Amino acid sequence: MAEQAIKKRTNDTCETFCYDEKLVADLKPRVERISGVEQIFKALADERRVKIVYALTLEEELCVCDVSNIIGCTTATASHHLRQLKKMNLAKHRKEGKLVFYSLKDEHVRQLVSIALAHSEEEVPS
């Protein structure tokens, strides 16, 4: 069994080191463009925040009180997570009297969550 595990591990890496210099020179600066995007994924890596964002894909906007009940936490905790989403430029808010309503910043956020959900629901091949 251990021998199979070692074989599997060695089958997914190159057995010799070589690379396409032209390809690497072309891609390396282009890949640098993605710097900072990890912050979006860090924000969505928290289960409560991704639930909030998903709820906001289902409704145009939600009050902090509604969010706290949807995800099962205090309003203080919901407010904290919503502020984090706003800080990460994923959500926006508006105040109406004593109530604060949050919505998604733009359609890109909705698409990110929709694509991630569709991907997670795909059948994994056996």
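Preceding block: the structure.
(A) Structural detail: the packing of helix H4 (residues 47-58) against helix H5 (residues 64-71). Relative to each other, H4 and H5 sit at 120°, their axes nearing to 10 Å. It follows from the interaxial angle that H4 and H5 lie oblique. As H4 packs across H5, the resulting crossing turns out to be right-handed. The residues of H5 that touch H4, namely those facing Arg-48, Lys-51, Ile-52 and Ala-55, are Val-67, Ile-70 and Ile-71. Residue composition of the contact of H4 with H5, by class: five nonpolar, no polar and two charged.

(B) Summary view of a nonpolar patch on the surface. On the surface, Leu-23, Leu-27, Val-31 and Ile-34 cluster together into a nonpolar patch covering about 350 Å² of accessible area. Examined against the element boundaries, Ile-34 turns out to sit in the loop between helix H2 (21-32) and helix H3 (38-44). Here Ile-34 falls in the exposed class, since its relative accessible area comes to 53%.

(C) Representation of H5 within the structure. Every buried residue of H5 is accounted for by Val-64, Val-67, Ser-68 and Ile-71. Take H5 and look down its axis: the buried residues cluster within an arc of 100°, on one side only. On its buried face, H5 sits against H4, strand S1 (62-63), helix H6 (75-87) and strand S3 (99-104). Gly-72 sits one or two residues past H5 and shows a positive phi near 70°.

(D) Spotlight on the sheet that holds S1. Read from one edge of the open sheet, three strands run S1-S3-S2, paired in antiparallel fashion. For this open sheet the edge positions go to S1 and strand S2 (91-96), each flanked by a neighbour on one side alone. As judged from the two bridges shared by S1 and S3, these two strands associate in the antiparallel manner. Residue Leu-62 lies in a different strand from S3, and its bridge partner there is Tyr-102.

(E) Molecular detail of the packing of H4 against helix H7 (residues 107-120). Running from amino to carboxyl end, H4 crosses H7 at an angle of 110°, the nearest separation of the two axes being 10 Å. Regarding the angle of H4 to H7, the classification is roughly perpendicular. Residues Val-53, Tyr-54, Leu-56, Thr-57 and Leu-58 of H4 touch H7, and the partners they reach there are Val-109, Arg-110, Val-113 and Leu-117. Among the residues forming the contact of H4 with H7, the class breakdown is seven nonpolar, one polar and one charged.

(F) The environment of Pro-29, seen in detail. If you trace the backbone, Pro-29 turns up in helix H2. Exposure remark for Pro-29: the relative accessible area of 51% places this residue in the exposed category. In this structure the C-alpha to C-alpha distance between Pro-29 and Met-88, which are 59 residues apart in sequence, comes to 25 Å.

(G) Summary view of H2. Between its terminal C-alpha atoms H2 stretches 17 Å, which fits the 16 Å expected from twelve residues at 1.5 Å a residue. Taking burial as the measure, the twelve residues of H2 include zero buried ones, a minor fraction of the element. Structurally, the start of H2 carries an N-cap: the backbone nitrogen of Lys-22 is 3.2 Å from a side-chain oxygen of Asp-20.

So, how was this worked out
- Residues numbered from 1 in each chain as written.
- Predicted model: local features only at pLDDT ≥ 70, side-chain atom pairs only at ≥ 80, totals over all residues.
- Heavy atoms only, no water.
- Axes fitted to C-alpha atoms, helices over the stretch in contact; angles between N-to-C directions.
- Helix = DSSP H or I, 4+ residues; strand = E, 2+ residues; numbered from the N terminus.
- Parallel < 35°, antiparallel > 145°, perpendicular 65-115°, else oblique.
- Left-handed = near helix turned anticlockwise from the far one by under 90°.
- Contact = heavy atoms within 4.5 Å.
- Nonpolar A, V, L, I, M, F, W, Y, C, P; charged D, E, K, R; others polar.
- Patch = residues over 30% accessible without salt bridge, like charges linked within 9 Å, V, L, I, M, F, W, Y side chains within 5 Å.
- Areas by Shrake-Rupley, 256 points an atom, 1.4 Å probe, with all protein chains shown as cover.
- Salt bridge = Lys/Arg side-chain N within 4 Å of Asp/Glu carboxyl O.
- Buried < 20%, exposed > 50% of the residue type's maximum accessible area, 1.4 Å probe, protein only.
- Arc of directions from axis to C-beta.
- Pairing = 2+ DSSP bridges.
- Expected span 1.5 Å × (residues − 1).
- Polar contact = N/O pair within 3.5 Å; in protein donor to acceptor, adjacent residues only side chain to side chain.

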